[in-house]
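In case you want the letters, here they are:
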Amino acid sequence: MNHTSNLQTRIKRHYRNRKMQSHLWGYFFLLPQMIVILLFALYPILQGLSLSFFEYSVAGSTWVGAQNFIAMLKDDVFWIALRNTTIYTILIVPGGLVVALILSWIIFPLSPKTQSFFKAAYYLPSVLAGVVLALVWKWILDPDIGLLNYLLSFIHLGPYPWLSHPDTALVSLAMMSILGGQGASIIIILANMGAIPESLYESARIDGGNPWHLFRFITIPMLKPTILYLLVIGVISSYQVFDTIYIMTGGGPYYSTTTIAYLIYSSAFDEFEFGRASATATVLFIIIFILSMIQFYFFREDKK
Amino acid sequence: MKFSYKMILYAILTAWAIAAMMPIYWMVVTAFTPQSLLMEIQLFPKSIVFNNFETLFAKAPIDRWLFNSLLVSALITLGAVVSDSMAGYSYAMIKPKGHMVIFFLVLACLMIPDQIRIVPLFIMIKNLGWYNTYAALIVPFMSSVFGMFLMRQYMSSLPRELMDAARVEGCNEFVFYTRIVVPLCKPVFAVVAIFFFVGTWNSFLYPLILTSSKEMRTLPVGLSTLMENYSLVDYGLMMAGSSISAIPVILFFFMFQKYFTKGVTLGAVKE
């Protein structure tokens, strides 16, 4: 009797030790990533949020309450940047999505070889550095000797000022982004289109549905989660657009292409207003968060 | 009738493909066009010259920038693949106590825009004395939540029996990870590595704020410093530099197209 219970506790202890050991191994494997994330992501993020309430100087920061936010809200450039970023997002995210859906819908019935050719062609611009694309487009959009005005002159259009005029600069940036930026969306949409059961289309065809009906009443509803995903990702990245602005316009002319991310950069590294830059970044974070939540709300599966 | 309808659709596809690829073509053409001929636009160049590249190498430390980009991209990729796969393995297979809490905490970092991080990171790097060094360009970026997420997803699909069998054989977690998990995860390693390499090769904002001297710039940042002001740009020179940055990734893309496509759809496609 005594002997068996002894054995039982020994077995139990053995398993407990094994389990302990396994936990320790688990933490060991998490360690390298945790160190990097804690030190260089989580800590700076928290510090960034708190810096919003301080006036920074090398000697030491002083608490200024909401003053950075008040100064920011009183600044016209902040509101211009917010408006520019929003217009840019409205132009490129829904616009890009419509283009990507149409192109995917045309590509989908083609043979796998043709499909992968077009996928590669549309995706290729996305592998280039933002800086490189921006430089090339700056050259193409040059008002005097740029390629685009040259091509348009054949059909008696232009010349347009593109980036050099406040009325056209932001639209030019949006056009460039829509033209080259659909590759990833198209690949994702095509992959999800492939998962829609063929039987749905067949029964709709039997009921006399035309291609538009099939697209409108089967493809689009079935792609709802994909569309939501692309919208959320698109809005998040478009609200952070920076590289192209920095290279192509520097926020000008007359602040017409100053976006929030560019404003944060320039208040931090041109004016060295670290507190102010952090306050603006905090607002950007809140905006992105709210927009993502709104999108999730409207695209809920169980929406009645 | 049906024929012409299809023709229109094909025409749309082709026109859009030409428009999407035209900038790349124009970049390469301009890079090989003599400076004096830039004013008269030639869609198909009559002669090819290397003048722009010669000027570029004489004017800027392009070889140093290339080296910097290569070194930084390679080390970040290596670090990220190791740390992401280790973490992914822990979340997917060991599941130590409290792993879900840590997982969501880490995942939350993905939602937060980079802009919040740039100022504190800049201050921190300055205080560490890392400003304008390789450490600043590499160490903070050696791990990624997204890469870990992909790794975890892939590893969760490995059969559990594998691990039980290895345990019975008295195999510890480290041996199991290096001998069994890593070889089985080669495809996802390739995807994460390729994405990281290209992403770092192309990255701009962080190298821009964390370096200051000509010698420490990476290729994209170095190129941007060649623009003296916004209206006066030597495009032949800039397109030569852009080609040097772009052509390796374009070749890379054609070699590993399968992995690029996989990387784009991983996590975005329900399986």
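Residues numbered from 1 in each chain as written. Chains lettered and ligands numbered in written order. Predicted model: local features only at pLDDT ≥ 70, side-chain atom pairs only at ≥ 80, totals over all residues. Heavy atoms only, no water.

Chain B has the name Carbohydrate ABC transporter permease in an unreviewed UniProt entry, where Cohnella silvisoli is given as its organism. The UniProt entry for chain B carries this comment under Sequence similarities (unreviewed entry): "Belongs to the binding-protein-dependent transport system permease family." Under the UniProt heading Subcellular location (unreviewed entry), the entry covering chain B gives this text: "Cell membrane". (UniProt positions renumbered as here; feature names shortened; annotations may be inferred.)

Named according to an unreviewed UniProt entry, chain A is Sugar ABC transporter permease originating from Cohnella silvisoli. Chain A has a UniProt comment under Sequence similarities (unreviewed entry) that states "Belongs to the binding-protein-dependent transport system permease family." According to its UniProt record, chain A has this under Subcellular location (unreviewed entry): "Cell membrane".

Colleague: Where do I start with the overall build of chain A in this structure?
Modeller: When its secondary structure is counted, chain A shows 14 helices and two strands. The C-alpha atoms of chain A give a radius of gyration of 27 Å, which is well past the 19 Å a tight globule of 304 residues would have. Taking the principal axes of the C-alpha coordinates as reference, chain A spans close to 100 × 75 × 40 Å. If you take every contact in chain A between residues at least 6 apart in sequence, the share linking residues at least 24 apart comes to 65%. When the accessible surface of chain A is totalled, it reaches about 15500 Å², and 66% of it is carbon and sulfur. Charged side chains of chain A number 18 positive and 15 negative; the gap between the two group centres comes to 23 Å. (Helix = DSSP H or I, 4+ residues; strand = E, 2+ residues; numbered from the N terminus. Rg over C-alpha atoms; globule rule 2.2 N^0.38 Å. Contact = heavy atoms within 4.5 Å. Areas by Shrake-Rupley, 256 points an atom, 1.4 Å probe, with all protein chains shown as cover. Lys, Arg positive; Asp, Glu negative; His and termini not counted. Charge placed at Lys NZ, Arg CZ, Asp CG, Glu CD.)

Colleague: Looking at this structure, how should I read the overall build of chain B?
Modeller: Within chain B, the secondary structure is distributed over 14 helices and zero strands. Helices and strands appear in chain B in the N-to-C order α-α-α-α-α-α-α-α-α-α-α-α-α-α. For 271 residues, the compact-globule estimate of 2.2 N^0.38 gives 18 Å, and the C-alpha radius of gyration of chain B, at 23 Å, exceeds that figure by more than 25%. Along the first, second and third principal axes, the C-alpha set of chain B runs to 75 × 70 × 30 Å. Per-residue burial for chain B yields a buried fraction of 51% across its 271 residues. Pairs at least 24 apart in sequence give 74% of the contacts found in chain B among residues at least 6 apart. Here chain B holds 19 positive side-chain charges and 13 negative ones, and the gap between their average locations is 7 Å. (Buried < 20%, exposed > 50% of the residue type's maximum accessible area, 1.4 Å probe, protein only.)

Colleague: Sorry, what's going on with the UniProt feature "transmembrane region" (unreviewed entry) in chain B here?
Modeller: The positions UniProt marks with the feature "transmembrane region" (unreviewed entry) are residues 7-28, 65-89, 101-125, 131-151, 188-209 and 235-256 of chain B. Split by type, residues 131-151 of chain B is 57% helix and 0% strand. Its first and last C-alpha atoms lie 32 Å apart.

Colleague: Sorry if this is basic, but what is going on with the interface of chain A and chain B here?
Modeller: Interface extent is often summarised as the accessible area lost during association of the parts. Contacts between the two partners involve 89 residues from chain A and, on the opposite side, 95 residues from chain B. Across the interface of chain A and chain B, roughly 8600 Å² is buried in total on both sides, 80% from carbon and sulfur atoms. The largest contributions to the chain A side of the interface with chain B come from Phe-29, Phe-40 and Trp-139 of chain A, which together make up 10% of the buried area. Between the two partners, chain A and chain B, sit zero salt bridges. Counting the contacts that link chain A with chain B gives 13 residue pairs in polar contact (both at pLDDT 80 or more). For the side of chain A that touches chain B, the leading source of residues is helix H1 (residues 2-51) of chain A, giving 25 residues. By residue class, the composition of the side of chain A that touches chain B is 71 nonpolar, 14 polar and four charged. (Buried area = accessible area lost by both parts, 1.4 Å probe. Salt bridge = Lys/Arg side-chain N within 4 Å of Asp/Glu carboxyl O. Polar contact = N/O pair within 3.5 Å; in protein donor to acceptor, adjacent residues only side chain to side chain. Nonpolar A, V, L, I, M, F, W, Y, C, P; charged D, E, K, R; others polar.)

Colleague: Would you explain the nonpolar core in this entry?
Modeller: If you look at soluble globular proteins, the nonpolar side chains tend to sit buried side by side. In this structure, Tyr-122, Leu-128, Phe-242, Ile-247 and Met-248 of chain A together with Tyr-89 and Val-181 of chain B are the most contacted members of the largest nonpolar core, which totals 177 residues. Top contributing element to this core by residue count: helix H3 (residues 76-107) of chain A, with 14 residues. In terms of nonpolar packing, the next biggest core, distinct from the first, is built from 13 residues, Leu-30 and Ile-37 of chain A together with Cys-109 and Met-148 of chain B among them. (Core = buried A, V, L, I, M, F, W, Y, C linked by side-chain atoms within 4.5 Å.)

Colleague: What should I look at first to understand unusual backbone geometry in this one?
Modeller: What you tend to see is this: most non-glycine residues have negative phi, and most peptide bonds are trans. Residue and element names in this part refer to chain A. Phi at Tyr-254 takes a positive value of approximately 50°, unusual for a residue other than glycine. For Tyr-254, the location among the structural elements is in the loop between helix H12 (243-248) and helix H13 (260-269). A residue is classified by how much of its surface remains accessible, and Tyr-254, at 74% relative accessible area, is exposed.

Colleague: Just to check I follow, could you spell out the packing of helix H8 (residues 183-193) of chain A against helix H14 (residues 257-265) of chain B for this structure?
Modeller: The relative placement of two packed helices is expressed as an angle between their axes plus a distance between the axes. Packing of H8 of chain A against H14 of chain B brings their axes to within 9 Å, and their N-to-C directions diverge by 75°. Judged by the inter-axis angle, H8 of chain A sits roughly perpendicular to H14 of chain B. The segment H8 of chain A lies against H14 of chain B, with Ala-184, Ile-187, Ile-188 and Ala-191 of chain A engaging Thr-261, Val-264 and Thr-265 of chain B. Per-class residue counts for the contact of H8 of chain A with H14 of chain B are five nonpolar, two polar and no charged. (Axes fitted to C-alpha atoms, helices over the stretch in contact; angles between N-to-C directions. Parallel < 35°, antiparallel > 145°, perpendicular 65-115°, else oblique.)

Colleague: In this structure, what is going on with the UniProt feature "domain: ABC transmembrane type-1" (unreviewed entry) in chain A? I would like to understand it.
Modeller: Those residues carrying the UniProt feature "domain: ABC transmembrane type-1" (unreviewed entry) are residues 82-295 of chain A in this numbering. The span residues 82-295 of chain A carries 72% helix and 0% strand; its end-to-end C-alpha distance comes to 19 Å.

Colleague: Just checking my understanding: could you explain helix H10 (residues 186-202) of chain B for this structure?
Modeller: Since the α-helix turns once every 3.6 residues, residues separated by three or four places project in the same direction. Residues and elements named next belong to chain B. With 17 residues, H10 extends 24 Å from end C-alpha to end C-alpha; this agrees with the ideal 24 Å at 1.5 Å per step. Taken together, the buried positions of H10 are occupied by Val-188, Phe-189, Val-191, Val-192, Ile-194, Phe-196, Val-198, Thr-200, Trp-201 and Asn-202. On its buried face, H10 sits against helix H3 (62-94), helix H7 (145-156), helix H9 (173-184), helix H12 (219-225), helix H13 (235-255) and H14. (Expected span 1.5 Å × (residues − 1).)

Colleague: Got a minute to help me understand the pattern of salt bridges in this structure?
Modeller: All names here are of chain A. This model, assessed by the stated rule, comprises two salt bridges over all chains. In this structure, Asp-75 engages Arg-276 in a salt bridge whose closest nitrogen and oxygen atoms are separated by 2.9 Å. On the criterion of sequence distance, the pair formed by Asp-75 in the loop between helix H2 (67-74) and H3 and Arg-276 in helix H14 (residues 274-298) is long-range, its members being 201 residues apart. Take Asp-75: its relative accessible area is 24%, and that puts it in the partly exposed class. With its nearest N and O atoms 3.8 Å apart, the salt bridge here joins Glu-198 to Arg-205.

Colleague: Looking at this structure, I do not really get the environment of Asp-164 of chain B. What am I missing?
Modeller: Counting through the fold element by element, Asp-164 of chain B comes out in helix H8 (residues 160-168). Note: C-alpha distance between Asp-164 of chain B and Leu-205 of chain B (41 residues apart in sequence) is 46 Å.

Colleague: When you look at the domain arrangement of chain B in this model, what are you seeing that I'm missing?
Modeller: All names here are of chain B. Per the domain assignment, the segments of chain B are domain 1 (1-49) and domain 2 (58-265). Distance between the C-alpha centres of domain 1 and domain 2: 33 Å. Contact residues are listed per partner, giving seven residues for domain 1 and nine residues for domain 2. Interface of domain 1 and domain 2: buried area, both sides summed, is about 590 Å²; carbon and sulfur atoms make up 77% of it. Our count for the contact surface shared by domain 1 and domain 2 stands at zero salt bridges. Joining domain 1 to domain 2, the criterion identifies zero residue pairs in polar contact (both at pLDDT 80 or more). Among the residues making up the side of domain 1 that touches domain 2, the classes are represented as five nonpolar, two polar and no charged. (Domains from an automatic or database assignment.)

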